[in-house]
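Observations on the three-dimensional arrangement
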Amino acid sequence: MSETYAFLFCLGLGIASRFLYMGMTLLAKRTDIFPVTVVLDALTVTIVGGAFTLYVIFTGSVLAPYMFAALFSGYFLTYKLTSGGANTEKKRKKQKAEK
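The sections below set out a description of the structure shown in this document. (Residues numbered from 1 in each chain as written. Predicted model: local features only at pLDDT ≥ 70, side-chain atom pairs only at ≥ 80, totals over all residues. Heavy atoms only, no water.)

**Focus on helix α3 (residues 65-82)**
- Between the first and last C-alpha of α3 there are 26 Å, a value that for 18 residues agrees with the 26 Å anticipated at 1.5 Å per step.
- Among the residues of α3, Met67, Ala70, Leu71, Gly74 and Thr78 are the ones counted as buried. One side of α3 carries all its buried residues, which in axial view fall inside an arc of 100°. Exposed residues lying more than 90 degrees from the buried face of α3 are Pro65 and Phe72. (Helix = DSSP H or I, 4+ residues; strand = E, 2+ residues; numbered from the N terminus. Expected span 1.5 Å × (residues − 1). Buried < 20%, exposed > 50% of the residue type's maximum accessible area, 1.4 Å probe, protein only. Arc of directions from axis to C-beta.)

This is the structure in structure tokens:
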């Protein structure tokens, strides 16, 4: 049962990391300063990596490949669901440039 909890936590952490990254990206675009972007990206990695590490330490879980797969799957699933609008926006900009 603890493997199920670890899987669900990692999946949720992957989803949360995508939303955290999207928020940090919007904040970085607003400032448009390169050092701020680097700091926000490092902060995102630190938060997600720290949460994953703390979960493993506090629950005494053994690191397993399914935990990393769940983390990446949660991120990728959320990426696919949220990136559809970006592609249509790029297409619109390209169409306007052609006219």
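**Examining the side chain of Thr78**
- Relative to the assigned elements, Thr78 resides in helix α3.
- By relative accessible area, which is 5% here, Thr78 ends up buried.
- Looking at Thr78, its side chain comes within polar contact range of the main-chain oxygen of Gly74, at 2.8 Å.
- Residues contacting Thr78, with those up to four places away along its chain left out, are Ile15, Arg18 and Phe19. (Polar contact = N/O pair within 3.5 Å; in protein donor to acceptor, adjacent residues only side chain to side chain. Contact = heavy atoms within 4.5 Å.)

**Observations concerning the environment of Phe9**
- Within the secondary structure, Phe9 sits in helix α1 (residues 2-31).
- Taking C-alpha positions, Phe9 is 8.6 Å from Tyr55, a pair spaced 46 residues apart along the chain.
- If we ignore the near neighbours within four places in the chain, the residues touching Phe9 are Ala51 and Tyr55.

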